[in-house]
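# Breakdown of the fold
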Amino acid sequence: MSAPHEPHLPLAQAPWVEERGDKLRITAVRTFLTAPQGCPYLIVRIETNDPGLYGLGCASDPQRPLAVRSVIDDYLAPLLRGRDPGDIEDLHRLALNSAYWRGGSITGNALGGVDVALWDLKAKRLGAPLYALLGGRFRHRAAAYTHVDGRDAEELADKVAAARERGFGHVRVQTAVPGSDTYGAAPSGAEEARARHDRSGRWDSAAYLRAVPPVLRRTRELVGDGVELLHDAHERLDPRQAVEFLRRVADAGLYFVEDVLAPEDAAHFARLRAASPVPLAMGELFSDLTQFLPLLAGPLIDFARIRIPTLGGLTPARKLAAACELHGVRLAPHGPGDVSPLAQAATVALDISSPAFGVQEAATFREAVLEVFPGTIVPRLGAMEPREAPGLGVDFDESVARRYPAPEPLAHDRWALLRTTDGSVQRP
């Protein structure tokens, strides 16, 4: 019978740790749930035996925050206590392997929160902004895109013009489909808002194919060629419909179409590439960087939509950025309001340092978010710049965060629930 493991000794301790004179160690891994944006943010704080030296990360999975929190609190925290926080690659692999069944969004977000906190901690210890640890600046600013929606091309054109006045050269345009539960467009009134809340509305892909391409083409005519237009299909088309949609928007001059297929249909991207020249963006739902590799090999996509928390943090994301660079694919990182300012800051550090960068999605944060996360990066003249303070440059105020409790389970899950006109379940 083997001897019992002493609880204060880390499992599978790195053999080089005791050879170092540096005795910096992780003393605690804490999590905090808050919702100043309305959706739940799961924040990770890694503390050390050096008073005042800590790292922050974002493990936000809006639909499964309690499951992610359990992985961190019950499994990763005990695994990491007592270890040297500087060995990020070693700790990432150790934490990944500890689950044995690797992968998935819950594991990815748990790892992502811990990983970014370790990078933040290392940069703070070195007194450098995070991007300096990723190779330094490659560009001054990261071009960003904002979102607009409208009932028709004229309304969209007006909103695109307003976005251009704020400095945005890239604008995502979404339009409502009459009688259909449409992604990215505001409800037309109280009845439609109630149907979305209850998810009692229906998605009609045939109506989408009829209605949206003419609006996108007309919007391009109205705004001219001086602005990049993007559109998100949000996984709601099957491969046949996706081919038809891309053919119909070929003259709209789109910068890219995002998520024209669901991840489960990714094998059909070769078919899309052969059918249409419209640039394609994919990947925000991927939780493992190896899911990108078949799409990079063609390449079959033009933009990789990475979400740093779900992908497992900066450690895998920087490797993916290098792979994108080698294959001529550009980064278009995911950055809506359910990605906290901590994850956003980590993403901007990657944007600034990677030659593969293309464009960054820019969330519009509520004032409450700016209170909870001092130093939050906000777009300025259509672009985002990293903080020059050590680490992420963004902090987390726990006392303010307590004013914004997270919603109950299922409260946010309704967002991803949808049915089609025949009653069958539809992807988001």
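Higher on the page you've got the structure.
Residues numbered from 1 in each chain as written. Predicted model: local features only at pLDDT ≥ 70, side-chain atom pairs only at ≥ 80, totals over all residues. Heavy atoms only, no water.

Evaluated as defined, the whole model comprises 12 aromatic pairs. Their ring planes at 75 degrees and their centres at 5.9 Å tell us that Tyr41 and Phe373 sit as a pair that is edge-to-face. With Tyr41 in strand β2 (residues 41-48) and Phe373 in the loop between α14 (367-372) and β12 (383-384), this pair connects stretches of sequence that are 332 residues apart. Each member of the pair, Tyr41 as well as Phe373, is classed as buried. Here a set of aromatic residues connected by ring pairs shows up, and it is made of Phe32, Tyr41, Phe373 and Phe396. Taking the ring centre of Tyr54 as reference, the NZ or CZ of Lys124 above it sits at 4.1 Å. Lying over the aromatic face of Trp203, Arg236 brings its terminal NZ or CZ to 4.8 Å of the ring centre. (Phe/Tyr/Trp six-rings, centres within 6.5 Å; stacked < 30°, edge-to-face > 60°. Helix = DSSP H or I, 4+ residues; strand = E, 2+ residues; numbered from the N terminus. Buried < 20%, exposed > 50% of the residue type's maximum accessible area, 1.4 Å probe, protein only. Lys NZ or Arg CZ within 6 Å of the ring centre and 35° of its normal.)

Looking at the secondary structure, you find Asp61 in the loop between β3 (54-58) and α1 (65-80). For the buried Asp61, which has no salt bridge, the nearest side chain bearing the opposite charge is Arg307, at an N-O separation of 6.5 Å. (Lys, Arg positive; Asp, Glu negative; His and termini not counted. Salt bridge = Lys/Arg side-chain N within 4 Å of Asp/Glu carboxyl O.)

The subject of this paragraph is the nonpolar core. Counting 120 residues, the largest nonpolar core has Ile72, Phe245, Val260 and Phe269 as the members making the most contacts within it. Core analysis: the second largest hydrophobic core is formed by eight residues, Tyr145, Phe256, Ala332 and Val359 among them. (Core = buried A, V, L, I, M, F, W, Y, C linked by side-chain atoms within 4.5 Å.)

In this section: helix α8 (residues 239-248). Taken together, the buried positions of α8 are Pro239, Gln241, Ala242, Val243, Phe245 and Leu246. In this structure, the buried side of α8 is in contact with α7 (205-223), β6 (228-232), β7 (254-258), α9 (269-275) and β8 (280-282). Taking the backbone nitrogen of Arg240 as reference, a side-chain oxygen 3.1 Å away marks Asp238 as the first, capping residue of α8. (Contact = heavy atoms within 4.5 Å. Polar contact = N/O pair within 3.5 Å; in protein donor to acceptor, adjacent residues only side chain to side chain.)

Moving on, we get to the environment of Tyr255. Mapped onto the secondary structure, Tyr255 falls in strand β7. Note on Tyr255: relative accessible area 11%, which makes it buried. Each C-alpha atom, one on Tyr255 and one on Leu370, is 30 Å from the other, the two residues being 115 residues apart in sequence.

Axis separation between helix α2 (residues 88-98) and helix α12 (residues 314-327) bottoms out at 10 Å; the angle between their running directions is 105 degrees. Between α2 and α12, the angle is such that the two are roughly perpendicular. Across the interface between the two elements, Ile88, Glu89 and His92 of α2 pack against Thr315, Pro316, Arg318 and Lys319 of α12. Residue composition of the contact of α2 with α12, grouped by class: two nonpolar, two polar and three charged. (Axes fitted to C-alpha atoms, helices over the stretch in contact; angles between N-to-C directions. Parallel < 35°, antiparallel > 145°, perpendicular 65-115°, else oblique. Nonpolar A, V, L, I, M, F, W, Y, C, P; charged D, E, K, R; others polar.)

A word on the sheet that holds β3. With antiparallel pairing, three strands are arranged side by side in an open sheet as β1-β2-β3. Edge positions in the open sheet fall to β1 (26-34) and β3, since each of these has one partner strand only. The sheet shows a mean angle of 20 degrees between the axes of neighbouring strands, taken without regard to direction. The sheet strands contacting α1 are β1 and β2, and the helix crosses β1 at an angle near 175 degrees. Packing against the sheet, helix α3 (residues 105-126) makes contact with β1, β2 and β3, and its axis sits at approximately 145 degrees to β3. (Pairing = 2+ DSSP bridges.)

It is worth spelling out unusual backbone geometry at this point. A cis amide bond links Gly298 with the next residue in sequence, Pro299, at an omega value of -10 degrees. With respect to the helices and strands, Pro299 occurs in the loop between α10 (293-297) and β9 (303-304). Although it is not a glycine, Ala12 sits at a positive phi angle of roughly 50 degrees. Following the sequence through the fold, Ala12 ends up in the segment before β1. Overall, Ala12 belongs to the exposed group, its relative accessible area being 59%. Phi angles above zero are rare outside glycine, and Asp259 is one such case at about 50 degrees. In this structure, Asp259 sits in the loop between β7 and α9.

Where burial is concerned, most of strand β5 (residues 170-175) is hidden: six out of the six residues are buried. Because side chains alternate across β5, one face comprises the buried residues His170, Arg172 and Gln174, and the other comprises Val171, Val173 and Thr175, equally buried. Bridge analysis of strand β4 (residues 142-150) against β5 gives six bridges, and the strand direction is parallel. If you follow Asp149 over to β5, its bridge partner there is Gln174. Crossover handedness for the path β4 to helix α5 (residues 153-165) to β5: right-handed. (Right-handed = clockwise from strand over helix to strand, strands pointing away.)

Before going further, it helps to examine the layout of surface pockets. Think of a ball as big as a water molecule: rolled over the atoms, this probe shows where empty space is left. Its boundaries defined by the atoms lining it, the second largest pocket holds a volume of some 320 Å³. Residue lining of the second largest pocket: 18 residues in total, with His92, Leu96, Asp288, Leu289 and Pro316 positioned closest to the centre. For the lining of the second largest pocket, the secondary structure elements donating two or more residues are α2, α3 and α12. Looking at the lining of the second largest pocket residue by residue, the classes come out as five nonpolar, eight polar and five charged. (1 Å grid on protein atoms, 1.4 Å probe; cavity = no way out; pocket = protein on both sides within 12 Å on 5 of 7 lines; lining within 4 Å. Points joined across faces, edges and corners; volume = space filled by probe spheres on them.)

What follows covers the side chain of Thr315. Summarising the element assignment, Thr315 is placed in helix α12. Within the structure, the side chain of Thr315 is placed 2.5 Å from the side chain of Asp115, a separation counted as a polar contact. Sequence-distant contacts of Thr315, defined by excluding residues within four places in its chain, comprise Ile88, Glu89, His92, Asp115 and Trp119.

Taken as a whole, this structure holds 28 salt bridges when the rule is applied. Across the salt bridge formed by Asp265 and Arg427, the nearest N and O atoms sit 2.9 Å from each other. Pair noted here: Asp265 is in the loop between β7 and α9 and Arg427 is in the segment after α15 (398-401), with a separation of 162 residues, a long-range link. We classify Arg427 as partly exposed; its relative accessible area is 33%. The salt bridge partner of Arg305 is Glu361, with a shortest N-O separation of 2.9 Å. Placement of the pair is Arg305 in the loop between β9 and α11 (308-311) and Glu361 in strand β11 (residues 360-361), with a sequence separation of 56 residues. Because the salt bridges share partners, they merge into one network encompassing Arg30, Arg45, Glu47, Glu398 and Arg402.

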